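# Chains, contacts and geometry: an overview
So you can see what is in the structure, the chains are spelled out below.
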Amino acid sequence: GESVGLHLPTLSVQEGDNSIINCAYSNSASDYFIWYKQESGKGPQFIIDIRSNMDKRQGQRVTVLLNKTVKHLSLQIAATQPGDSAVYFCAENKNGNQFYFGTGTSLTVIP
Amino acid sequence: DVKVTQSSRYLVKRTGEKVFLECVQDMDHENMFWYRQDPGLGLRLIYFSYDVKMKEKGDIPEGYSVSREKKERFSLILESASTNQTSMYLCASSFQGTGELFFGEGSRLTVL
């Protein structure tokens, strides 16, 4: 089966510092990846995506890096803010419409 | 904005009851999905649908069924609820091919 895992289940960072959340995936055929943010009591929300023909993509304060050689994905959040506290999931897609999700990393921002 | 609406945020049911979870999306998406979310297990796909009246099993379909009679509505049915189906249920939708999933707020089901 698919395996999309995260290195750390929890991460605490000081407000203003940068955060890095990591994700490993097992299927080398996966060609599309998404990071989702889930705040308490809400459904997951799209943050940023990347296709397998890229190794880096930047958004507003967020950057996703893809290393296909080691099947690793990371989400970097610059100048982390209290509103960034949430659970972050990576998801991989290999056959068009189905996504497989990791177990999530809980990010806590310390004021 | 895309809106995915789940009919109930919180439900409490008894073992053996039939449970319906409804999901409606307003963006004319072809694809709709039902996931369950459990601590430490992430999101697991129960069923999905590519089109009206079409359904495909996901990773954990046992104990569940679905119905998609209209494009905007995707229902999850627990024919006979059991305590191990206590969970958060998330509905999502997407356009064919684009990939990005839009999620509802979730339905937290407790089976006693």
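Above this text is the structure in question.
These lines cover the structure that appears in this document, whether it is placed above or below.

## Side note on the interface of chain B and chain A
- Taken together, the 24 residues of chain B in the interface contact 18 residues of chain A.
- Across the interface of chain B and chain A, roughly 1,600 Å² is buried in total on both sides, 51% from carbon and sulfur atoms.
- Three residues, Leu 43, Glu 100 and Phe 103 of chain B, lead the burial of chain B against chain A; their summed loss comes to 25% of the area buried on that side.
- Put simply, chain B and chain A have three residue pairs in polar contact (both at pLDDT 80 or more) between them.
- Among the elements of the structure, strand 4 (31–38) and strand 5 (42–49) of chain B are those that each provide at least two residues to the side of chain B that touches chain A.
- Classifying every residue of the side of chain B that touches chain A gives eleven nonpolar, nine polar and four charged.

## Notes on the packing of aromatic side chains
- This model, assessed by the stated rule, comprises twelve aromatic pairs over all chains.
- Through successive ring pairs, a cluster of aromatic residues spans Tyr 36, Phe 46 and Phe 101 of chain A together with Phe 33, Tyr 35, Phe 48, Tyr 50 and Phe 103 of chain B.
- The ring of Tyr 32 of chain A has Arg 51 of chain A sitting right over it, with the charged end atom 4.0 Å from the ring centre.

## Observations concerning the pattern of salt bridges
Residue and element names in this part refer to chain B.
- Scanning all chains against the criterion turns up eight salt bridges over all chains.
- Taking the shortest distance from any N to any O, the salt bridge between Glu 79 and Lys 18 comes out at 3.5 Å. On the criterion of sequence distance, the pair formed by Glu 79 in the loop between strand 8 (73–78) and strand 9 (87–94) and Lys 18 in the loop between strand 2 (10–13) and strand 3 (19–25) is long-range, its members being 61 residues apart.
- Looking at Glu 79, the relative accessible area reads 45%, which means it is partly exposed.
- A relative accessible area of 43% means that Lys 18 is categorised as partly exposed.
- The shortest N-O distance in the salt bridge between Asp 38 and Arg 36 comes to 2.8 Å. Neither Asp 38 nor Arg 36 differs from the other in exposure class; each is buried.
- Salt bridges here are not isolated pairs; linked through shared partners, they connect Arg 36, Asp 38 and Arg 44.

## Digging into unusual backbone geometry
- Phi at Lys 71 of chain A is positive, roughly 55 degrees, even though this residue is not glycine.
- Tracing the backbone through its elements, the reader meets Lys 71 of chain A in the loop between strand 7 (62–67) and strand 8 (72–77).
- Judged by relative accessible area, Lys 71 of chain A falls into the partly exposed class, the value being 26%.
- In this structure, Asp 28 of chain B is a non-glycine residue whose phi angle is positive, near 60 degrees.
- Relative to the assigned elements, Asp 28 of chain B resides in the loop between strand 3 and strand 4.

## Re the sheet that holds strand 8 of chain B
Residue and element names in this part refer to chain B.
- Across the sheet, four strands lie side by side as 1-3-8-7; this open sheet has antiparallel pairing. A strand with exactly one partner marks an edge of an open sheet, and here the two such strands are strand 1 (4–6) and strand 7 (65–70). Neighbour-to-neighbour, the strand axes of the sheet open up by a mean angle of 20 degrees, direction not taken into account.
- Direction of pairing for strand 7 relative to strand 8: antiparallel, over a ladder of four bridges. Paired with Val 66 across the bridge in strand 8 is Leu 76.

## What to know about the pairing of strand 9 of chain B
Residue and element names in this part refer to chain B.
- Most of strand 9 sits inside the fold, with eight of its eight residues counted as buried.
- The side-chain alternation of strand 9 yields two buried faces, one formed by Ser 87, Tyr 89, Cys 91 and Ser 93 and the other by Met 88, Leu 90, Ala 92 and Ser 94.
- Here strand 4 runs beside strand 9; their pairing, made up of seven bridges, is antiparallel. Along strand 9, the bridge assignment pairs Asn 31 with Ser 94.
- Direction of pairing for strand 9 relative to strand 11 (residues 107–111): antiparallel, over a ladder of three bridges. If you follow Ser 87 over to strand 11, its bridge partner there is Leu 109.
- Of the strand pairs in this sheet, strand 9 and strand 10 (residues 102–103) are connected by two bridges, and their pairing is antiparallel. Bridging from a neighbouring strand, Ala 92 pairs with Phe 103 of strand 10.

The rules behind the values
- Numbers given for residues are sequential positions, taken from 1 along each chain in its written order.
- Lettering of chains starts at A and numbering of ligands starts at 1, both following the order in which they are written.
- It should be noted that, the model being predicted, local features are given only for residues of pLDDT at least 70 and side-chain atom pairs only at 80 or more, the latter also being counted only at that level, while totals for whole chains, interfaces and linings use all residues.
- Computation of side-chain values covers all heavy atoms of the structure but excludes hydrogens and water.
- Residues are treated as being in contact if the distance between any of their heavy atoms lies within 4.5 Å.
- Two parts placed together each lose some accessible area under a 1.4 Å probe, and the buried area is that loss summed for both.
- Think of a polar contact as two N or O atoms within 3.5 Å of one another; within protein, one of them needs to be a possible hydrogen donor and the other a possible acceptor, and neighboring residues in sequence only count if both atoms come from side chains.
- Going along the chain from the N terminus, every DSSP run of H or I of four or more residues is numbered as a helix, and every run of E of two or more is numbered as a strand.
- Residue classes follow a fixed rule: Ala, Val, Leu, Ile, Met, Phe, Trp, Tyr, Cys and Pro count as nonpolar, while Asp, Glu, Lys and Arg count as charged, and any other residue, Gly among them, counts as polar.
- Pairing of aromatic rings covers Phe, Tyr and Trp, the last through its six-membered ring, and needs centres within 6.5 Å; plane angles under 30 degrees mean stacked, over 60 mean edge-to-face, and all others mean tilted.
- Cation placement over rings: the criterion is NZ of Lys or CZ of Arg within 6 Å of the ring centroid and within 35° of the ring normal.
- Whenever a carboxyl oxygen of Asp or Glu lies within 4 Å of a side-chain nitrogen of Lys or Arg, that contact is scored as a salt bridge.
- Categorising residues by exposure relies on relative accessible area from a 1.4 Å probe, with only protein chains included: less than 20% of the type maximum marks a residue as buried, more than 50% marks it as exposed, and the intermediate range marks it as partly exposed.
- Between any two strands, at least two bridges found by DSSP are needed for them to pair.
- Every axis in this analysis is a line fitted to C-alpha atoms, fitted for helices over the stretch in contact. Angles between the N-to-C directions lie between 0 and 180 degrees.

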